[in-house]
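One letter stands for each residue in the lines below.
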Amino acid sequence: ILETIQEGAPNTPLLKLYFDDLFTETSARKLCEFLDIPYLRPDFELKVNASLHKAPVSEDQQRRIREKLAPIYEAIEESRAITMPAAWRRQANCTA
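Residues numbered from 1 in each chain as written. Predicted model: local features only at pLDDT ≥ 70, side-chain atom pairs only at ≥ 80, totals over all residues. Heavy atoms only, no water.

Observations regarding the environment of Glu-45
Step number 1: Looking at the secondary structure, you find Glu-45 in the loop between helix H2 (25-35) and helix H3 (59-79).
Step number 2: Between the alpha carbons of Glu-45 and Phe-23 there is a distance of 9.5 Å; along the sequence they are 22 residues apart. (Helix = DSSP H or I, 4+ residues; strand = E, 2+ residues; numbered from the N terminus.)

Below, the structure written as structure tokens:
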């Protein structure tokens, strides 16, 4: 997908961040800098549209999810276009 975006707009700057990492001071600063806007510290504790109930996920469901997502994890790791978050690597049993 990233290659397609870069082919369609080759001279357009592109900031690559994982959703999981967006809610950190470092990523918020990177995003503001990239957009050339002043940094205002977000309230990372504020939860908007958060689910009231978390459904349990069985080990079998987790295994099936990992199997389905494995090609995506592998493509990200192989491309080295962006560093995969540690939590993703642990869940995918990847090493990087």
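Additional details are given in the paragraphs that follow.
Describing the confidence of the model for the protein
Step number 1: In the predicted model, the protein carries a mean pLDDT of 81, and the fraction of residues at 70 or more is 85%.
Step number 2: Per-element averaging of pLDDT across the protein places helix H4 (residues 86-92) at the bottom with 69 and H2 at the top with 93. (pLDDT = per-residue confidence, 0-100.)

A word on the pattern of salt bridges
Step number 1: Under the criterion given, the structure shown has 5 salt bridges.
Step number 2: With a shortest N-O distance of 3.1 Å, Arg-29 and Glu-25 are connected by a salt bridge. Of the two residues, Arg-29 and Glu-25 both sit in helix H2, 4 residues apart, roughly one turn of that helix.
Step number 3: The salt bridge involving Glu-67 is made with Arg-63; its shortest N-O contact spans 2.8 Å. Taken together, the positions of Glu-67 and Arg-63, both in helix H3 and 4 residues apart, correspond to about one turn of that helix. (Salt bridge = Lys/Arg side-chain N within 4 Å of Asp/Glu carboxyl O.)

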